[in-house]
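Residues per chain, in single letters:
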Amino acid sequence: FDHANRGKAIVTASDYERVRRMAESIHTHSDAVAGLLVGGQREVTFRWRDEETGVRCKARVDNYEPGEFMLDLKKTRDASFEAFARSITSYRYDQQAAHYTTGARICDRPVPRYIILACEDVPPYVCQPYFLDPMAEERGFNLRRRAIRKQAQCLNTGIWPGYSTRFEQISLPTFAYFGIQEPTR
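Here the structure is a predicted model, which means the values were calculated and not measured.

## Overview of the packing of aromatic side chains
Taken as a whole and assessed by the stated rule, the structure comprises six aromatic pairs. Residues Tyr-100 and Tyr-114 carry aromatic rings whose centres are separated by 6.2 Å and whose planes lie at 75 degrees to one another, so their mutual orientation is edge-to-face. Highlighted residues: Tyr-100 in helix α4 (residues 93-106) and Tyr-114 in strand β4 (residues 113-120), separated in sequence by 14 residues. Here Tyr-100 and Tyr-114 have matching classes, each one buried.

## Concerning the pattern of salt bridges
Taken as a whole and assessed by the stated rule, the structure comprises 15 salt bridges. Here Lys-75 makes a salt bridge to Asp-121, at a shortest N to O gap of 3.5 Å. Placement of Lys-75 in strand β3 (residues 69-76) and of Asp-121 in the loop between β4 and β5 (127-130) is noted, with a sequence separation of 46 residues between them. For Asp-121, a relative accessible area of 11% puts it in the buried group. Close ionic contact of Arg-166 with Glu-168 constitutes a salt bridge, the shortest N to O distance being 3.0 Å. Glu-168 sits in the partly exposed class, given a relative accessible area of 47%. Several salt bridges share partner residues, and in doing so they unite Asp-50, Glu-52, Arg-144, Arg-145 and Arg-149 into one network.

## Some details on the nonpolar core
Within the largest apolar cluster, 24 residues are counted, with the highest numbers of intra-cluster contacts made by Phe-46, Val-61, Tyr-64, Met-70, Phe-84 and Ile-116. Of all the secondary-structure elements, those providing two or more residues to this core are β1 (41-49), β2 (56-65), α3 (81-91), α4, β4 and α5 (134-157). Counting residues in hydrophobic clusters, the runner-up holds 12 residues, among them Ile-26, Leu-71, Ile-115 and Tyr-125.

## Here we look at the confidence of the model for the chain
When pLDDT is averaged across the chain, the result is 91; 96% of the residues are at 70 or more. Model confidence for the chain, summarised as mean pLDDT per element, is weakest for helix α2 (residues 31-36) at 78 and strongest for α4 at 98.

## Details of the pairing of β4
It is a general feature of regular strands that their side chains alternate between the two faces of the sheet. Within β4, seven of the eight residues are buried, which leaves it mostly tucked inside the rest of the structure. Sheet analysis places β3 next to β4, joined by eight bridges and oriented parallel. When the sheet's bridge partners are listed, Lys-75 is paired in β4 with Cys-119. In this structure, β4 lies alongside β5, joined through four bridges in antiparallel fashion. Across the sheet, the residue bridging to Cys-119 is Cys-127, located in β5. The turn joining β4 and β5, which pair antiparallel and follow one another in sequence, is formed by six residues; a positive phi near 60 degrees is taken by Tyr-125.

Basis of the calculations
Residues numbered from 1 in each chain as written. Predicted model: local features only at pLDDT ≥ 70, side-chain atom pairs only at ≥ 80, totals over all residues. Heavy atoms only, no water. Phe/Tyr/Trp six-rings, centres within 6.5 Å; stacked < 30°, edge-to-face > 60°. Helix = DSSP H or I, 4+ residues; strand = E, 2+ residues; numbered from the N terminus. Buried < 20%, exposed > 50% of the residue type's maximum accessible area, 1.4 Å probe, protein only. Salt bridge = Lys/Arg side-chain N within 4 Å of Asp/Glu carboxyl O. Core = buried A, V, L, I, M, F, W, Y, C linked by side-chain atoms within 4.5 Å. pLDDT = per-residue confidence, 0-100. Pairing = 2+ DSSP bridges.

Shown next, in the form of C-alpha coordinates:
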(Lines give C-alpha, C1' and ligand atoms only; values in the text may rest on other atoms or scores of the structure.)
Protein backbone atom coordinates (compact mmCIF):
# COMPACT_ATOMS: atom_id res chain seq x y z
CA PHE A 1 0.00 0.00 0.00
CA ASP A 2 2.72 2.48 0.99
CA HIS A 3 4.71 1.81 -2.16
CA ALA A 4 1.68 2.02 -4.48
CA ASN A 5 0.58 5.31 -2.89
CA ARG A 6 3.94 7.01 -2.42
CA GLY A 7 3.63 10.79 -2.56
CA LYS A 8 -0.12 10.78 -2.00
CA ALA A 9 -1.80 12.30 1.03
CA ILE A 10 -3.42 9.72 3.27
CA VAL A 11 -6.84 10.76 4.51
CA THR A 12 -8.01 9.13 7.72
CA ALA A 13 -11.58 7.89 8.05
CA SER A 14 -12.34 10.64 10.59
CA ASP A 15 -10.90 13.36 8.31
CA TYR A 16 -12.89 11.99 5.38
CA GLU A 17 -16.09 12.01 7.44
CA ARG A 18 -15.45 15.59 8.63
CA VAL A 19 -14.89 16.83 5.07
CA ARG A 20 -17.94 14.93 3.84
CA ARG A 21 -20.11 16.58 6.52
CA MET A 22 -18.67 20.02 5.68
CA ALA A 23 -19.45 19.50 1.99
CA GLU A 24 -22.96 18.35 2.87
CA SER A 25 -23.47 21.52 4.93
CA ILE A 26 -22.37 23.69 2.03
CA HIS A 27 -24.57 21.91 -0.50
CA THR A 28 -27.65 22.04 1.74
CA HIS A 29 -27.17 25.62 3.04
CA SER A 30 -29.25 27.33 0.36
CA ASP A 31 -29.67 27.22 -3.38
CA ALA A 32 -27.57 30.38 -3.63
CA VAL A 33 -24.62 28.88 -1.74
CA ALA A 34 -24.85 25.51 -3.47
CA GLY A 35 -25.02 27.36 -6.78
CA LEU A 36 -21.70 29.06 -6.09
CA LEU A 37 -19.99 25.69 -6.36
CA VAL A 38 -21.76 24.32 -9.44
CA GLY A 39 -19.75 26.21 -12.03
CA GLY A 40 -16.53 28.08 -12.07
CA GLN A 41 -12.93 27.03 -12.33
CA ARG A 42 -11.19 25.41 -9.37
CA GLU A 43 -7.75 26.37 -8.06
CA VAL A 44 -7.13 29.14 -10.61
CA THR A 45 -3.66 30.67 -10.37
CA PHE A 46 -2.89 34.29 -11.20
CA ARG A 47 0.70 35.50 -11.67
CA TRP A 48 1.76 39.12 -12.13
CA ARG A 49 4.25 41.79 -11.16
CA ASP A 50 3.21 44.44 -8.68
CA GLU A 51 2.77 47.68 -10.61
CA GLU A 52 4.52 49.87 -8.04
CA THR A 53 7.40 47.70 -6.82
CA GLY A 54 7.91 45.08 -9.51
CA VAL A 55 7.59 42.29 -6.91
CA ARG A 56 6.44 39.01 -8.45
CA CYS A 57 3.02 38.03 -7.12
CA LYS A 58 0.88 34.92 -7.20
CA ALA A 59 -2.62 34.04 -6.04
CA ARG A 60 -4.57 30.79 -6.19
CA VAL A 61 -8.31 31.14 -5.70
CA ASP A 62 -10.49 28.18 -4.72
CA ASN A 63 -13.28 28.92 -7.22
CA TYR A 64 -13.24 31.51 -9.99
CA GLU A 65 -16.31 32.31 -12.07
CA PRO A 66 -14.98 34.60 -14.84
CA GLY A 67 -16.54 38.04 -14.73
CA GLU A 68 -18.76 37.08 -11.78
CA PHE A 69 -16.96 36.24 -8.55
CA MET A 70 -14.10 34.62 -6.69
CA LEU A 71 -14.91 32.28 -3.84
CA ASP A 72 -12.49 31.32 -1.11
CA LEU A 73 -13.45 28.46 1.19
CA LYS A 74 -12.27 28.82 4.79
CA LYS A 75 -12.59 26.14 7.44
CA THR A 76 -13.17 27.52 10.89
CA ARG A 77 -14.20 26.48 14.38
CA ASP A 78 -16.94 29.14 14.46
CA ALA A 79 -18.59 30.65 11.37
CA SER A 80 -20.81 33.01 13.36
CA PHE A 81 -20.72 36.68 12.39
CA GLU A 82 -18.78 37.86 15.46
CA ALA A 83 -16.29 34.99 15.55
CA PHE A 84 -15.58 34.99 11.85
CA ALA A 85 -15.06 38.77 11.82
CA ARG A 86 -12.26 38.05 14.31
CA SER A 87 -10.89 35.35 12.01
CA ILE A 88 -10.89 37.76 9.08
CA THR A 89 -8.90 40.20 11.20
CA SER A 90 -6.53 37.63 12.71
CA TYR A 91 -5.73 35.78 9.49
CA ARG A 92 -5.97 38.87 7.28
CA TYR A 93 -8.49 37.41 4.90
CA ASP A 94 -9.25 41.00 3.89
CA GLN A 95 -5.63 41.38 2.75
CA GLN A 96 -5.90 38.09 0.87
CA ALA A 97 -9.09 39.30 -0.84
CA ALA A 98 -7.29 42.49 -1.92
CA HIS A 99 -4.34 40.47 -3.22
CA TYR A 100 -6.51 38.04 -5.18
CA THR A 101 -8.75 40.70 -6.72
CA THR A 102 -5.75 42.86 -7.60
CA GLY A 103 -4.17 39.90 -9.37
CA ALA A 104 -7.33 39.16 -11.30
CA ARG A 105 -7.61 42.81 -12.35
CA ILE A 106 -3.98 43.06 -13.48
CA CYS A 107 -4.34 39.78 -15.38
CA ASP A 108 -7.39 41.26 -17.19
CA ARG A 109 -9.77 38.86 -15.43
CA PRO A 110 -11.54 41.15 -12.91
CA VAL A 111 -14.55 40.13 -10.85
CA PRO A 112 -17.07 42.36 -9.07
CA ARG A 113 -17.40 40.09 -6.01
CA TYR A 114 -15.09 38.26 -3.64
CA ILE A 115 -16.95 35.77 -1.45
CA ILE A 116 -15.60 34.02 1.62
CA LEU A 117 -17.43 30.81 2.44
CA ALA A 118 -16.76 29.98 6.09
CA CYS A 119 -17.48 26.37 7.02
CA GLU A 120 -17.17 24.96 10.52
CA ASP A 121 -14.97 21.88 10.81
CA VAL A 122 -16.72 20.72 13.97
CA PRO A 123 -20.34 19.59 14.42
CA PRO A 124 -22.83 20.79 13.36
CA TYR A 125 -20.60 21.92 10.43
CA VAL A 126 -22.50 25.15 9.80
CA CYS A 127 -21.41 27.23 6.82
CA GLN A 128 -21.96 30.91 6.11
CA PRO A 129 -21.04 33.02 3.06
CA TYR A 130 -19.66 36.50 3.67
CA PHE A 131 -18.49 39.44 1.61
CA LEU A 132 -16.43 42.32 2.97
CA ASP A 133 -17.90 45.74 3.62
CA PRO A 134 -16.16 48.76 2.02
CA MET A 135 -14.13 49.57 5.16
CA ALA A 136 -12.83 46.00 5.38
CA GLU A 137 -11.97 46.04 1.68
CA GLU A 138 -10.05 49.29 2.10
CA ARG A 139 -8.21 47.88 5.13
CA GLY A 140 -7.27 44.83 3.04
CA PHE A 141 -5.88 46.94 0.20
CA ASN A 142 -3.89 49.08 2.67
CA LEU A 143 -2.46 46.02 4.43
CA ARG A 144 -1.58 44.46 1.09
CA ARG A 145 0.18 47.59 -0.15
CA ARG A 146 2.19 47.84 3.07
CA ALA A 147 3.17 44.17 2.87
CA ILE A 148 4.24 44.39 -0.79
CA ARG A 149 6.36 47.47 -0.06
CA LYS A 150 7.99 45.73 2.89
CA GLN A 151 8.70 42.65 0.80
CA ALA A 152 10.23 44.81 -1.94
CA GLN A 153 12.44 46.54 0.62
CA CYS A 154 13.58 43.20 2.03
CA LEU A 155 14.28 41.81 -1.44
CA ASN A 156 16.29 44.93 -2.34
CA THR A 157 18.33 45.09 0.88
CA GLY A 158 18.59 41.40 1.76
CA ILE A 159 17.55 42.29 5.31
CA TRP A 160 14.56 40.36 6.65
CA PRO A 161 13.71 41.75 10.09
CA GLY A 162 12.11 39.55 12.71
CA TYR A 163 10.44 40.42 15.97
CA SER A 164 11.97 42.27 18.87
CA THR A 165 14.99 40.76 20.62
CA ARG A 166 13.75 42.15 23.95
CA PHE A 167 11.03 41.04 26.32
CA GLU A 168 7.86 42.95 25.43
CA GLN A 169 4.72 43.62 27.40
CA ILE A 170 1.63 42.54 25.47
CA SER A 171 -1.96 43.74 25.67
CA LEU A 172 -5.03 41.90 24.46
CA PRO A 173 -7.18 43.37 21.70
CA THR A 174 -10.39 45.13 22.67
CA PHE A 175 -12.64 42.27 21.54
CA ALA A 176 -11.06 39.98 24.13
CA TYR A 177 -12.88 41.88 26.86
CA PHE A 178 -16.40 41.84 25.40
CA GLY A 179 -18.93 39.72 27.25
CA ILE A 180 -16.72 38.56 30.13
CA GLN A 181 -17.80 40.94 32.86
CA GLU A 182 -20.34 39.75 35.38
CA PRO A 183 -23.52 41.80 35.36
CA THR A 184 -23.79 44.28 38.22
CA ARG A 185 -26.92 44.22 40.33
